[in-house]
Amino acid sequence: MVDQTESGATVPAPGDAPVPVPALRWEEPPEGPVVVLLDQTRLPVEEVELVCTDVPALVEAIRSLSVRGAPLLGLAGAYGVALAAARGYDVANAVEQLRHARPTAVNLEYGVRRAERAYREAVEGGADEERAAAAVLAEARELHREDAEASERMAEHGLALLGELLPGGGYRFLTHCNTGTLVSGGGGTAFGVVRAAHRAGELRRLWVDETRPLLQGARLTAYEAAREGMAYTLLTDNAAGSLFAAGEVDAVLVGADRIAADGSVANKVGSYPLAVLARYHHVPFVVVAPVTTVDLRTPDGASIEVEQRPGHEVTEFAAPSAPGAGTEAGSGIPVAPLGAQAYNPAFDVTPAELVTAIVTDRGVVSPVTGDALAELCSRSPSPTETSRSGNGMMGA
């Protein structure tokens, strides 16, 4: 079951930067624990929260993109298992529902499995239902804390890398999709690096791709950039080539939903063309993601399951003044002939050879190779180490 509540917050003028409404939080009202989500489909027009009292409601929020972004999906999965345990639902069933809610984002399954393991270990250790539920919630909160810390380390490593690649500052970044506080328990991934550059006085311009599906760059990244007081400009996805040709892009910064063992990166559809453009124009293409997004069980990019979105997201536009419009076929404004077929993948895959560097919370991999990724994942975090080693890893 899901309820909607107004957050009471207002969309700020650029530079105001009030404390944002959390993208996800756990609450325990008298009627029972709930997972509260900021409904990202309603941004930037209004800040409305969804109150999920059961796992089916949370699954629907994930599928509808009310909650989204690789790290945040991991948190949603973990808190979803905690919700099932705390309310006495079938935990095994909740695990299966949650882990299949979106197939491409590996962090979702990571969060679900980690919470499931905490529950199973508690039960096998003799814990009753209440103590087992407490163990799962503690694990979800620990994952939340780790994600916030990972955001800080990625920002540090990313800013240091940019200082090497582009000495002098005055950066003009192009970003795709949304990778800030709305996708994380902390400051985010790629947008976290942009924010660090902005706060260091080194950001000249942020170019924001509108980003299909659901215009997540236009609605969400621009929303976060405005909160931070950044100089930003919105563009349609297919206008990026003209920016490169004009020499207006110093680096591309994107996130990732899954990174295969060979370094191939699945990210929001439209990322691969940017990587091709960046390579042609000799512009760094940098991926920023926590090590939890690296999936060594997926051998290569061809093995990544790419989510296919409903065709009506292409053949219709959501009516901006009608909350919820466009979420189902026939509820938006038609922009194609009735019955038109649409190809609407949510992600595409960029091969490792087009990626300049992968910035993680454990350091930077550059050049991107399977061996370097595997070694990075096998190491414990070392956020203070910033020197380049001889095996294609930096700051590991």
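Below you will find a few notes about this structure. (Residues numbered from 1 in each chain as written. Predicted model: local features only at pLDDT ≥ 70, side-chain atom pairs only at ≥ 80, totals over all residues. Heavy atoms only, no water.)

## Describing the overall build of the protein
Piece 1. Scanning the protein from N- to C-terminus turns up eleven helices and 18 strands.
Piece 2. A buried classification covers 54% of the 396 residues belonging to the protein.
Piece 3. Summarising the internal contacts of the protein: among those between residues at least 6 apart in sequence, 73% fall at separations of at least 24.
Piece 4. When the accessible surface of the protein is split by element, carbon and sulfur atoms take 52% of a total near 16,000 Å². (Helix = DSSP H or I, 4+ residues; strand = E, 2+ residues; numbered from the N terminus. Buried < 20%, exposed > 50% of the residue type's maximum accessible area, 1.4 Å probe, protein only. Contact = heavy atoms within 4.5 Å. Areas by Shrake-Rupley, 256 points an atom, 1.4 Å probe, with all protein chains shown as cover.)

## Considering the pairing of strand 11 (residues 285-288)
The side chains of a regular strand alternate, first on one face of the sheet and then on the other.
Piece 1. Here strand 11 shows no split at all, with Phe-285 and Val-287 on one side and Val-286 and Val-288 on the other all buried.
Piece 2. Bridging between strand 8 (residues 251-254) and strand 11 involves three bridges; their strand directions are parallel. Across the sheet, the residue bridging to Leu-253 is Val-286, located in strand 11.
Piece 3. Two strands pair when backbone bridges link them, and strand 11 and strand 16 (residues 357-360) are joined in this way by three bridges, in the parallel orientation. Considered in strand 16, the bridge of Val-287 is made with Ile-358. (Pairing = 2+ DSSP bridges.)

## Some thoughts on the layout of surface pockets
Piece 1. In this structure, the second largest pocket occupies an estimated 340 Å³ of space.
Piece 2. Taken together, 20 residues line the second largest pocket, and the ones lying closest to its centre are Tyr-110, Glu-146, Val-291, Thr-292 and Asp-361.
Piece 3. When residues of the lining of the second largest pocket are traced back to their parent elements, those giving at least two are helix 2 (70-86), helix 4 (106-124) and helix 5 (129-165).
Piece 4. Tallying contributions element by element places helix 5 first for the lining of the second largest pocket, with seven residues.
Piece 5. In terms of residue class, the lining of the second largest pocket is built from nine nonpolar, three polar and eight charged. (1 Å grid on protein atoms, 1.4 Å probe; cavity = no way out; pocket = protein on both sides within 12 Å on 5 of 7 lines; lining within 4 Å. Points joined across faces, edges and corners; volume = space filled by probe spheres on them. Nonpolar A, V, L, I, M, F, W, Y, C, P; charged D, E, K, R; others polar.)

## A word on the sheet that holds strand 10 (residues 265-268)
Piece 1. Spatially, four strands are ordered 12-9-10-15 in an open sheet, and the strand pairing comes out mixed. Two strands in the sheet have a free side with no partner beyond their single neighbour: strand 12 (294-295) and strand 15 (347-350).

## Some words on the nonpolar core
Piece 1. Counting residues in hydrophobic clusters, the biggest one holds 39 residues, and the most contacted among them are Leu-37, Ile-62, Tyr-79, Val-81 and Leu-98.
Piece 2. Listing elements by their share of this core, those giving two or more residues are strand 2 (24-27), strand 3 (34-38), strand 4 (48-52), helix 1 (55-63), helix 2, helix 3 (91-99), helix 4 and helix 5.
Piece 3. No other element matches the eleven residues that helix 2 contributes to this core.
Piece 4. For Leu-37, the residues in contact, after removing those within four places along its chain, are Ala-23, Leu-24, Val-48, Glu-49, Leu-50, Cys-52, Leu-58, Ala-61 and Val-67. (Core = buried A, V, L, I, M, F, W, Y, C linked by side-chain atoms within 4.5 Å.)

## Things to note about the side chain of Asp-250
Piece 1. Position of Asp-250 among the secondary structure elements: in the loop between helix 8 (240-245) and strand 8.
Piece 2. On the basis of relative accessible area, Asp-250 is assigned to the buried category, the value being 18%.
Piece 3. Of note is the side chain of Asp-250, whose polar atom sits 2.8 Å from the backbone nitrogen of Arg-172.
Piece 4. With residues up to four places along the chain from it excluded, the contact list for Asp-250 reads Leu-166, Gly-170, Tyr-171, Arg-172, Val-283 and Pro-284. (Polar contact = N/O pair within 3.5 Å; in protein donor to acceptor, adjacent residues only side chain to side chain.)

## Some remarks on helix 11 (residues 370-378)
Piece 1. All of the buried residues in helix 11 are Ala-372, Leu-373 and Leu-376. The buried residues of helix 11 all sit within an arc of 100° when viewed along its axis, so they share a single face. Counted as exposed and oriented over 90 degrees from the buried face of helix 11: Asp-371 and Ser-378. (Arc of directions from axis to C-beta.)

## Some points on a nonpolar patch on the surface
Piece 1. Together, Phe-317, Ile-333 and Val-335 give the surface a local cluster of nonpolar side chains, amounting to about 270 Å² of exposed area.
Piece 2. In this structure, Ile-333 sits in strand 14 (residues 333-334). (Patch = residues over 30% accessible without salt bridge, like charges linked within 9 Å, V, L, I, M, F, W, Y side chains within 5 Å. Salt bridge = Lys/Arg side-chain N within 4 Å of Asp/Glu carboxyl O.)

## A few points about unusual backbone geometry
Piece 1. Of note, the bond from Leu-43 into Pro-44 is cis; its omega dihedral lies within 30 degrees of zero at 5°.
Piece 2. Here Pro-44 lies in the loop between strand 3 and strand 4.
Piece 3. Its identity is not glycine, yet Leu-215 carries a phi of approximately 50°, on the positive side.
Piece 4. The residue Leu-215 is located in the loop between strand 6 (203-209) and helix 7 (216-228) in this model.
Piece 5. With phi around 60°, His-282 is a residue other than glycine that occupies positive phi space.
Piece 6. In this fold, His-282 is placed in the loop between helix 9 (271-280) and strand 11.

## Digging into the pattern of salt bridges
Piece 1. For the coordinates displayed, the defined rule picks out 24 salt bridges.
Piece 2. Arg-172 serves as the salt-bridge partner of Glu-248, at 3.4 Å between the closest nitrogen and oxygen. Highlighted residues: Glu-248 in the loop between helix 8 and strand 8 and Arg-172 in strand 5 (residues 171-175), separated in sequence by 76 residues.
Piece 3. Using a relative accessible area of 13% as the deciding quantity, one classes Arg-172 as buried.
Piece 4. Measuring nitrogen to oxygen at the nearest pair gives 3.2 Å for the salt bridge that ties Glu-228 to Arg-195. Residue Glu-228 is located in helix 7, and its partner Arg-195 is located in helix 6 (residues 190-199); the two are separated by 33 residues in the primary sequence.

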